[in-house]
Amino acid sequence: MTTQPVPVDPPELPRSLAFAQGMIIPAGPVLYVGGQNGTDSTGALLDGLEAQTAQALRNVLAVLAEAGTGPENVAKLTIYLAVGIDPGAAYAATRSVWGDHRTAVTVLAVTPARQGALVEIEAVATIPDR
């Protein structure tokens, strides 16, 4: 049995190379990655949207790796952007770190809890059999 999520793309909905309309998660352990900001190992926020987005994704990848999984097993990303941030600019930064791993995605504009934070990213992933 595979542990990788399977994309669901109904033919009556648009198909994206970047995300899936839904994901089926096989039974087994599931990892919920809490919101990651664009902070370095000291907790300092990086400057600008591109740097923060790339670092937030690297932080998500670090949590995934520590749990024994990776981006190919992520079923859902939730991306919170500060109000007024262009999602297209955040998407461009995402591709450089995340690559071509399709997943279900929700993007929301919010007022960040942390002063200066422009992006926060959560993930839900399966953990492969060991």
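Structure: see above.
Residues numbered from 1 in each chain as written. Predicted model: local features only at pLDDT ≥ 70, side-chain atom pairs only at ≥ 80, totals over all residues. Heavy atoms only, no water.

Visitor: How do you make sense of the layout of surface pockets when you look at a structure like this?
Guide: In this approach a probe as big as a water molecule rolls over the atoms, and the regions it shows empty are the leftover space. Looking at the largest pocket, its volume works out to about 320 Å³. Lining the largest pocket are 20 residues, with A18, I79, Y91, T94 and V105 positioned closest to its centre. Within the residue set of the lining of the largest pocket, elements represented by two or more residues are β5 (74-82), α2 (87-98) and β6 (103-110). Looking at the lining of the largest pocket, the element that brings in the most residues is α2, giving six residues. Taken together, the residues of the lining of the largest pocket break down into 12 nonpolar, five polar and three charged. (1 Å grid on protein atoms, 1.4 Å probe; cavity = no way out; pocket = protein on both sides within 12 Å on 5 of 7 lines; lining within 4 Å. Points joined across faces, edges and corners; volume = space filled by probe spheres on them. Helix = DSSP H or I, 4+ residues; strand = E, 2+ residues; numbered from the N terminus. Nonpolar A, V, L, I, M, F, W, Y, C, P; charged D, E, K, R; others polar.)

Visitor: Sorry, what's going on with the sheet that holds strand β7 (residues 119-126) here?
Guide: Pairing between sheet strands relies on hydrogen bonds along the backbone, with the strands arranged either parallel or antiparallel. Taking strand neighbours across the sheet as the criterion, the five strands line up as β2-β6-β5-β7-β4 in an open arrangement whose pairing is mixed. Looking at which strands have only one partner, the edges of the open sheet turn out to be β2 (19-20) and β4 (30-37). Pairing between β4 and β7: six bridges, direction antiparallel. Bridge pairing in β7 links Y32 to V124. The strands touched by helix α1 (residues 49-66) within the sheet are β4, β5 and β7, with β4 carrying the most contacts at an inclination of about 150°. (Pairing = 2+ DSSP bridges. Contact = heavy atoms within 4.5 Å. Axes fitted to C-alpha atoms, helices over the stretch in contact; angles between N-to-C directions.)

Visitor: Help me understand the environment of A89 in this model?
Guide: Considering the arrangement of structural elements, one finds A89 in helix α2. Expressed as a C-alpha distance, the spacing of A89 and L118, which sit 29 residues apart in the sequence, is 12 Å.

Visitor: What am I meant to see in the nonpolar core here?
Guide: V60, L64, V74, W98, V119 and I121 are the most contacted members of the largest nonpolar core, which has 19 residues in total. Elements represented by at least two residues in this core include exactly β4, α1, β5, α2 and β7. For this core, the element with the highest residue contribution is α1, accounting for five residues. In contact with W98, other than residues within four places in its own chain, are L57, V60, L61, L64, P71, V74 and L77. (Core = buried A, V, L, I, M, F, W, Y, C linked by side-chain atoms within 4.5 Å. Buried < 20%, exposed > 50% of the residue type's maximum accessible area, 1.4 Å probe, protein only.)

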